[in-house]
Amino acid sequence: MLNNMTDTEEGEGGPNSQGDGNPKESSPFINSSSTSDVEKSQQYDGKNMALFEEEMDTSPMVSSLLSSLANYSNLPQGSKEHEEAENNEEGARPSKKPIKAPQLGTLMGVYLPCIQNIFGVILFLRMTWMVGIGGVLGSFFIVFMCCSTTMLTAISMSAIATNGVVPAGGSYYMISRSLGPEFGGAVGICFYLGTTFAGAMYILGSIELLLIYILPQAAIFKLEGLEGPEAEAALLNNMRVYGTIVLSLMALVVFVGVKYVNKLALVFLACVILSIVAVYAGVIKTAIDPPDFPICVLGNRTLISKGFDVCAKVIEKDNGTVTTKLWRIFCDSPFLNATCDEFFVNNNVTEIQGIPGVASGILAENLFGYYLDKGDVLEKRGVPSVADPDAPMTNSNRYVLADITSFFTLLVGIYFPSVTGIMAGSNRSGDLRDAQKSIPIGTIAAITTTSIVYMSAVVLFGACIEGAVLRDKFGEGVNGNLVIGTLAWPSPWVIVIGSFFSTCGAGLQSLTGAPRLLQAISRDGIIPFLRVFGHGKANGEPTWALLLTASICEIGIIIASLDAVAPILSMFFLMCYMFVNLACALQTLLRTPNWRPRFKFYHWALSFLGMSLCLSLMFICSWYYAIVAMVIASCIYKYIEFCGAEKEWGDGIRGISLSAARFALMRLEEGPPHTKNWRPQILVLVSVDAEQNVEQPRMLSLTNQLKAGKGLTIVGTSVEGTFLNNSAEAQRADQALRKLMETEKVKGFSQVVISSNLRDGTSHLIQVGGLGGLKHNTVLVSWPRTWKQPEENLRLRNFVEVVRETTAASLALIVPKNIAAYPSNGERFTEGHIDVWWIVHDGGMLMLLPFLLRQHKVWRKCKMRIFTVAQLDDNSIQMKKDLITFLYHLRIDAEVEVVEMHDSDISAYTYEKTLVMEQRSQILKQMHLTKNEREREIQSITDSSRGSIRRKNPSNLRPQQSTSEEPAGASLAEKPEEEVQLIHNKNATPTSTGPTSPTGPPGGAGTPGQEVQMTWTEEAEKGKSQAAANPDSIKDIFNMKPEWESLNQSNVRRMHTALRLNDVIMKKSKEAKLVLLNMPGPPKNRMGDENYMEFLEVLTEGLNRVLLVRGGGREVITIYS
C-alpha cells in the first residue's frame, strides 16, 4: 500500500511541480517544492490516509500546514539582515542559518520609534512662533485638527495592519494590497517623496540650529552689516552650502553601513526626550521663580538685542547724564542735543520680561492671533506708542521684523510635518514579536502621548512667554537665543544641542528609510522605469535608490527655507494618509470575506472622516501644492495602469469593480435599453484551426472598426470534444483569442466553449454569452467561403443554423463576405464610398453601421451613399425627398438615390440557374456516394441537361463566353457554365418576390457551383409576389422548355430577385469600398439550405466587400433627442 502511494506521488506530483508557473506571494499555505517525494510519502506513512493520496501534492495534511505556519517568516531584507550579511561575508556556511524569531515588543518596536519620528524639528524651531502668530486658540485648533487626522489614520492603519501578516513595507504594502497596484504605486511614490523631503527639512533644521544658535561665526556668507533681502539671501545661501555638505555626509554614512544609524537611533531618541523634559521642567520653574530674560521695547516695538548693552536712552553716570549705545543707534551723535529718529524721540524705552511665568496671566494676552505681513515690526500688545502713520519707518534694521507674511493656512502647512511619523511602527512589522498586537497599541499610544505634549505645549507656551518673544522666530530680541531654549531648565543649551542631534538623527532615519521604500516599489515591478532602483550592493543595500533619494533631497536643500519645504512634504504625507483611510473604509463597506481585522475599534465613518480631514488639510495648507501632488499621483496611477505589470493582490478596487458591476447588471435587468442607448453589443463567432489559432483574424479588425459604439464585445469559439479531455485545447484557444484581441486592440472578453460538436458549441455561445442585462444583441459571423465544396457541408449547415438562431433570438446579424479583403486597422481609405442598399427596413441597423464605421480612422474619409429600391407603383421623387428628410433628422450625412426597378420577364438564364441549383440538391441528396462517383454523376446530369436545352431551342439560345477550363477530376464547383441569352416575353406576367422565406424542395448536401460571367437588362422585377397571375403564358414558356416545368416556382422567383438586384448593385456600387445589404431570411424548411446559400451567392456576386445585415426586430436608431 505504501509503495503504491509513493509511486502515485512520483508519477503525478514530481519533486519540481510548480503549478501554473505564475509568480505568487510567499505564503505558508503553498507547499514547498523542495521536499522530495520520499519525504512526502513518509508524512503519510501509517496515518491511514490512503483515501487522500491523490491529493497529496495540492492539499497538505493539517499537521504539516500548522508546522509551516509556525515556522513562517516573512521578514524583509532590512537593516538587521544587512548587518548579518556584512558580518558573514568571509565564508559561506554549508548549512542554512536558522532564522531568529523577531524579538521586539510594543515599547521598543513601535512606541519609541513612533515617538522619535513624530517629535522633530518643528517642535523646537517653529512651535513657539506658531503660538505667537496664531494665538493659543488658533494654534490649539491646528494641533487638534492635525492630531485628530493622524489618530483617525492610525485607527484605519491598525485595522489594515491586523488583517493578516503585513511584511515590511509599511504603508506602501498596506495600500497596494488593499487598493491595488495603481493606487499602491501612486501612494508609495508619494510616501517616498514625502520621506525624502522630510530628510531635507530635518537637514535644513539642523543647519538653522547650527548657524543661528550654535556657531553663527561659521557662516560662509557673512550676515553682519546686511539688511533686508540681502541678509535673507545670505542666510539661504549658507543653508544651501552647509545643507549640501551635511546631506553628502549623511548619505555616505548610510552607504557605508546602516547599522551605525540604527545604533545611534537610541542616542537621538534620548536627546529628544531629554529636551522635552527640560522644557516641562522650565515651565514648572517659571511658576516658582521666573527666569530673567528681559527684552527691550521702544514704544511698542521690539528692538534687536545686539548692538546695545543697556535698555535705556540715557543713564546717570558720575552725577551726569550720559547717552547709551541705543542713543547712538537712533541719533546722529552721542550728545544730548543730537538729531534723533522721530519715533525714538516720541516714545519711551522700556524693558519687559520675556518669560513672565505661568502665574503672570499672560495667557489672556496670547489667546488670539497676531498675523503679520513681511517686514512688519513685532509689537508688544497693550503698550501705547506715538507714531506718525504717514511718516516712513526709519532705522527698520534695529527692530525685530517679520521675515514672512503669515496666515492661518501657512501655519497649518508648516506645523503638519510635526505629527507625521506614525508609520514608523508598521514599517518595522517584520521585526515585531506580535505585530498584530503591537502595531495598534504602540502607534495609538505614541500619537496620544505626542498629541498631549503638543497641546499642552501650545497652552504652556502661551501662558509662560511674552507674545512679542513668541513671535520672534529667530530669538533676535533675546540675545539670539532659541525661544524655546529660553524657557528650558537648567540651560538653553540643553534644548539647542538636544534638538540639533535629534534633527540630525531624524534626517539620517529619512535617508535610511526612503531608499528602502523605493527599492520595495521597484522590486514589486509595478513601475517599469523604476526597476533599476531595485538593485543594490551584494548585501542588498539600495545603492541606486540612495543616489536618487539624495538627488531629490538636494532639491529641498536648494529651496533652503524650512517654511517653504514643510508644506511640500505635508502634501505627500497627507495624500498617503488619505489613501490609508480610503483603503480601510472600502474594505469595511465591501465586507470582503478576507476582511477580519483583530483590531475591532474601527468604523468606516471614522475612516471617511479621516480621509476628508486629509483632503481638507491638503487644500488648507497650499492649494497649488495639493494640485501638484494630485497630478503627480494621477500620472503615476495612469502610467501603472497602461504600462505597469499586472498584479492580482486581492485589492479593494477590484472589489469595488465587482460590486459596481453587480449593481450595474442588476439595474440593466430592469428592462431593455431605450433606442437612444442602443449600441451593438457584439458576439464575434470565429473558428480555430488544429493548432488553436484563429482562422479569420480580420474579423477582429472589423470588430475594432465597429466599436465606435463602445459596447460589449465577446469573441467566442467552440472546441470539439469533452471538457475533461480537451480543456487544455480550450485554454490554448482562449490564449490565442486574447492575444489576437490585444493585437487588434479589441476591448472585450473571450469565451471558449467545449462541446461534442461545433454546431452545439456555437448554439451555446449564442444562448449563454454575456451576463444578465449585459448580453450581446448582435452576432458577427463570417461568410463560409468554401461552402460549395462537398466536404464543407457541415460548415454550410452551421452557418444557416446561426442565421436561424439569431432570428429566433431576436439578435441582429452581421455577415462580412470575403473577410480577407477587409482593411486592417493600420490601413486608411483616402477616398471612396460606403454604399447602403436599403431594401427592407431592419430597425435602422443599415444606417447605424456605416455611421459607426466612419468614426474609425480606416473609414473616416469614405462618404456614405444610401440606395433604396422603388417599385412600379411607388413615387420615386417623393421617396427621395422623404429619405433626405429622414436622414436629416437622424443627423447622418449621406447621398441619397432611389433606384427604380420595373417589372421584367423571368429570363431563360434565371430558369437555367434555378434548374442547375435544384439538380445539384437532388444529386447530393442521394445515398452515400464516393467523391468520384458524385462528380461523375453530377457531370453526366449536367451534360444531358445542356444537350436537352440546345436540342429543344437551337435558334433562341446563343452560347456566351465561359470561364476558364479546369483540369479533369475537379468538382463541379470549378466546371464552366455556358451562358444563356436572356429571353424576354412581353406577354408573360413576371413572378417576382422580395426576400421572403421560401419553402424549397428537398435539398441534399452542399453542392458545387460555377463562377459565371453574366449579362442583364437594366429593368428589375417587382418586390411583391405575384406568382401565377397568368398561368397560360407561363405554360407557353414551359412548352418551349420541358426541363423547366418541374422547377419550384418559389425558387425561380427568388433567383430572379437575386439576379436583378445584383445587376443594379453592380452598376451602382461596383467601385464602392464597402456595400451593406439587407440579408434575406433563411428557409423554414432545412432541406432548402443549399438553395438559400446559392441565392445569397448570386445576390452578392462580383462585389469585393459586402456586409450582409439582418436586424434584430427592434428600432436601433431614432430621430428624437
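Note that the structure is a prediction, hence the values are computed from the model and not measured.

Calculation criteria
Residues numbered from 1 in each chain as written. Predicted model: local features only at pLDDT ≥ 70, side-chain atom pairs only at ≥ 80, totals over all residues. Heavy atoms only, no water. Core = buried A, V, L, I, M, F, W, Y, C linked by side-chain atoms within 4.5 Å. Buried < 20%, exposed > 50% of the residue type's maximum accessible area, 1.4 Å probe, protein only. Helix = DSSP H or I, 4+ residues; strand = E, 2+ residues; numbered from the N terminus. Contact = heavy atoms within 4.5 Å. Pairing = 2+ DSSP bridges. Axes fitted to C-alpha atoms, helices over the stretch in contact; angles between N-to-C directions. Right-handed = clockwise from strand over helix to strand, strands pointing away. pLDDT = per-residue confidence, 0-100.

**Observations regarding the nonpolar core**
Link 1 in the chain: Met127, Tyr415, Tyr454 and Phe461 are the most contacted members of the largest nonpolar core, which has 168 residues in total.
Link 2 in the chain: Here the element with the most residues in this core is helix H8 (residues 170-214); it accounts for 25 residues.
Link 3 in the chain: Here tyrosine 415 is in contact with Ile122, Met127, Met130, Ile142, Val143, Cys146, Cys147 and Tyr454, once residues within four sequence places are set aside.
Link 4 in the chain: Listed in part, the 47 residues of the second largest apolar core include Val694, Leu740, Val746 and Met847.

**A short note on the sheet that holds strand E7 (residues 713-720)**
Within a sheet, adjacent strands bond to each other through the backbone by hydrogen bonds, running parallel or antiparallel.
Link 1 in the chain: What the ten strands build is an open sheet, ordered E8-E7-E6-E9-E10-E15-E14-E11-E12-E13; its pairing is mixed. Each edge of the sheet is formed by a strand with only one pairing partner; in this case those strands are strand E8 (749-755) and strand E13 (895-900). Neighbour to neighbour, the strand axes of the sheet diverge by 20° on average, direction disregarded.
Link 2 in the chain: Looking at chain direction, strand E12 (residues 863-870) and E13 are connected through six bridges and run parallel. Bridge pairing in E13 places isoleucine 866 opposite valine 896.

**Some remarks on the pairing of E7**
Link 1 in the chain: Among the eight residues of E7, seven are classified as buried, and the element is accordingly described as predominantly covered.
Link 2 in the chain: Inspection of the sheet shows strand E6 (residues 682-685) paired to E7 by four bridges, in the parallel sense. Paired with valine 684 across the strands is valine 715, a residue of E7.
Link 3 in the chain: One ladder, built from seven bridges, connects E7 with E8; its direction is parallel. Residue pairing for E8: glutamate 720 is matched across the bridge by serine 755.
Link 4 in the chain: Following the chain from E7 across helix H25 (residues 723-743) to the adjacent parallel E8, one finds a crossover that is right-handed.

**Regarding the confidence of the model for the protein chain**
Link 1 in the chain: In the predicted model, the protein chain carries a mean pLDDT of 76, and the fraction of residues at 70 or more is 76%.
Link 2 in the chain: A low-confidence stretch, residues 72-83 stays under pLDDT 50, and its non-local contacts, those more than four residues away or across chains, total 29 contacts.
Link 3 in the chain: Low confidence marks residues 89-97, where pLDDT is under 50. Its contacts with residues over four positions away, or in another chain, come to three contacts.

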